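Spelled out from the first residue to the last, the chains are:
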Amino acid sequence: MFVCIGVDTLACLDNGFKLYFFSTNMGFDVGEMLHNTGICYNDNCINLSNLLDVVPGIFGRVCYDFESYLQFLARALTNKLNGKKVVVWLSGGKDSTASLITLLELQKYLNFDLKSYYIHVPLLDGERNLKFIDLISKKLDVEIGVESISKEKMKDLLEHYGLPYRGFRWCTYHAKIRVMRQIKKGRFDYEVNSERIFESYKRFCSLLEYAKQRTFISGTQLKPLYILTILDVIDLVKARGVVHPDYIRGCSRISCSICPYRTVFELEKTANDLEDPGFIDLIMQKIYLQEYQNVATFDDYEKYALWRFQSNMAGKLLALKKYVEKMEQSLKSEDVDKILSYVWMNSLKAPHLEIDYVIKLITNAHKERKYGILNLGLEPELTI
């Protein structure tokens, strides 16, 4: 079974294509509502591209022999990294953690200075991620700096902008990137970017040229994992006992407690981890009165976490949520938890893939705009 998580949506490729949409913790099969490129009901349609980012995937392992992959990286980077200063930005998620593991091990082959930092976001995040960063530090025997803007500054930003929402995640720039720039300023030659080519279609397109040129550096960006599969990064973090507990609980991402890119059923697990929930409630109420009171009742705004979207999109999603709730329930959030945590709790057999073979597949997929699991010939029954 292959799954893709979107906006309160789960797409499943397993003996055919299934699409489930969640109102809250209840999921409904909306396959029969798919028409052309949208989910349609009554006289309404929501474009599927607004709900799902369908990206070509690969089933298998590129990094099936970690030492061989490290040697491959060392040969590719020897003229670039030796004697340089490198910084890794750690989030606690699988990709940045796998990057840190890889760079630490790469120091056996290349001589470079490595520093690592975690950027904490006050008020939007709580203690869970901070505790996990401490665990990584101990497990990998590496110092991880923790930096953030002040709580007072974050309060001012929230008062001014409101909660971040999809399409305007201002917190990334003001609470993370600006801090990272101050840390990096004049101190490092390269910063590690943990993007992978199979994460989203945007990254698939942007990283394709890296793959064609067999390069891992562009400017000051070092991308050691971009060609790896999800099974590769899972193997790396599992082997070292640094799996974030949210993955075991069924979360698809590691981010702030109330990140707008979380699903409505993920927020049930994370939204209670806030340092000042009362202040966040006040911000929610303020933004509701300014932007959403003509879209939904406050109860619905809160229940369905509509603050994650622009008001016009929130209205469309609310209508769809109300509509599907009249249908027969197909999935519970507990079912999704089991599906998403399975790969973390079990060992999956998968083919060993050579990098040249993977590059050939993704190059052809980009030309033909193919979706699905490329090396298995599995394609979802949709076009975006």
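Below: a short report on this structure.

1. Brief notes about the pattern of salt bridges
Okay, step 1: Within the structure shown, the criterion is met by 24 salt bridges.
Okay, step 2: Between Asp 95 and Arg 196 there is a salt bridge, with its nearest N and O atoms 2.7 Å apart. Placement of the pair is Asp 95 in helix 2 (residues 94-106) and Arg 196 in the loop between strand 11 (190-192) and helix 6 (201-213), with a sequence separation of 101 residues.
Okay, step 3: Among the residues examined, Asp 95 registers a relative accessible area of 9% and is labelled buried.
Okay, step 4: Using a relative accessible area of 4% as the deciding quantity, one classes Arg 196 as buried.
Okay, step 5: Between Arg 262 and Glu 266 there is a salt bridge whose closest N-O contact spans 3.1 Å.
Okay, step 6: Judged by its relative accessible area of 0%, Arg 262 falls in the buried class.
Okay, step 7: When salt bridges with common partners are traced through the structure, they connect Arg 128, Asp 246, Arg 249, Arg 262, Glu 266 and Asp 273 into a single cluster.

2. Some details on the sheet that holds strand 2 (residues 9-13)
Okay, step 1: Read across the open sheet, the five strands follow the order 1-2-3-4-14; overall the sheet is antiparallel. With partners counted over all chains shown, the strands left at the sheet margins are strand 1 (2-5) and strand 14 (331-332), one partner each.
Okay, step 2: In this structure, strand 2 lies alongside strand 3 (residues 17-22), joined through five bridges in antiparallel fashion. Within strand 3, the residue paired with Leu 13 across the bridge is Phe 17.

3. What to know about the environment of Glu 147
Okay, step 1: Relative to the elements of secondary structure, Glu 147 occurs in strand 10 (residues 145-147).
Okay, step 2: Taking C-alpha positions, Glu 147 is 14 Å from Leu 123, a pair spaced 24 residues apart along the chain.
Okay, step 3: Residues within four places of Glu 147 in sequence aside, it is in contact with Tyr 117, Tyr 118, Ile 119, His 120, Val 179 and Ile 183.

4. Some remarks on helix 13 (residues 333-345)
Okay, step 1: Its 13 residues give helix 13 an end-to-end C-alpha distance of 18 Å, which sits within 8% of 18 Å, the value for a rise of 1.5 Å per residue.
Okay, step 2: What helix 13 keeps buried is the set Ser 333, Val 336, Asp 337, Leu 340, Ser 341, Val 343 and Trp 344.

5. Looking at the nonpolar core
Okay, step 1: One finds Met 154 and Ile 227 to be the most contacted residues of the largest nonpolar core, which totals 138 residues.
Okay, step 2: Among all residues touching Ile 227, those that are not within four sequence positions of it are Val 62, Tyr 69, Phe 198, Ala 211, Ile 355, Val 358, Ile 359 and Ile 362.

6. Focus on the pairing of strand 7 (residues 44-47)
Okay, step 1: Relative to strand 7, strand 6 (residues 38-41) runs antiparallel, the two sharing four bridges. Looking at strand 7, one finds that Tyr 41 is bridged to Asn 44.
Okay, step 2: The antiparallel pairing of strand 6 with strand 7 creates a hairpin that spans two residues between the two strands, and Asn 42 there sits at a positive phi of about 50 degrees.

7. Digging into the packing of helix 1 (residues 66-81) against helix 2
Okay, step 1: Look at helix 1 against helix 2: their axes get within 10 Å of each other, and the N-to-C directions meet at 75 degrees. Between helix 1 and helix 2, the interaxial angle falls into the category roughly perpendicular. Mapping the contact onto sequence places Phe 66, Glu 67, Leu 70, Leu 73, Ala 74, Leu 77 and Leu 81 in helix 1 and Ile 101, Thr 102, Glu 105 and Leu 106 in helix 2.
Okay, step 2: Residue classes in the contact of helix 1 with helix 2 are distributed as eight nonpolar, one polar and two charged.

8. Observations concerning the state of the cysteines
Okay, step 1: Inspection of every chain in the model, using the stated rule, returns one disulfide.
Okay, step 2: Residue pairing for Cys 40: its cysteine sulfur links by disulfide to Cys 45, the two sulfurs lying 1.9 Å apart. Judged by the sign of its S-S torsion, about 110 degrees, the bond between Cys 40 and Cys 45 is right-handed.
Okay, step 3: With relative accessibility at 17%, the residue Cys 40 sits in the buried group.
Okay, step 4: With no disulfide of its own, Cys 4 has Cys 12 as its nearest cysteine by sulfur position, at a separation of 11 Å.
Okay, step 5: You can call Cys 4 partly exposed: its relative accessible area is 23%.

9. So, the environment of Lys 338
Okay, step 1: Structurally, the position occupied by Lys 338 is in helix 13.
Okay, step 2: For Lys 338 and Phe 17, which are 321 residues apart along the polypeptide, the C-alpha to C-alpha distance reads 19 Å.

Calculation rules
Residues numbered from 1 in each chain as written. Predicted model: local features only at pLDDT ≥ 70, side-chain atom pairs only at ≥ 80, totals over all residues. Heavy atoms only, no water. Salt bridge = Lys/Arg side-chain N within 4 Å of Asp/Glu carboxyl O. Helix = DSSP H or I, 4+ residues; strand = E, 2+ residues; numbered from the N terminus. Buried < 20%, exposed > 50% of the residue type's maximum accessible area, 1.4 Å probe, protein only. Pairing = 2+ DSSP bridges. Contact = heavy atoms within 4.5 Å. Expected span 1.5 Å × (residues − 1). Core = buried A, V, L, I, M, F, W, Y, C linked by side-chain atoms within 4.5 Å. Axes fitted to C-alpha atoms, helices over the stretch in contact; angles between N-to-C directions. Parallel < 35°, antiparallel > 145°, perpendicular 65-115°, else oblique. Nonpolar A, V, L, I, M, F, W, Y, C, P; charged D, E, K, R; others polar. Disulfide = S-S within 2.5 Å.

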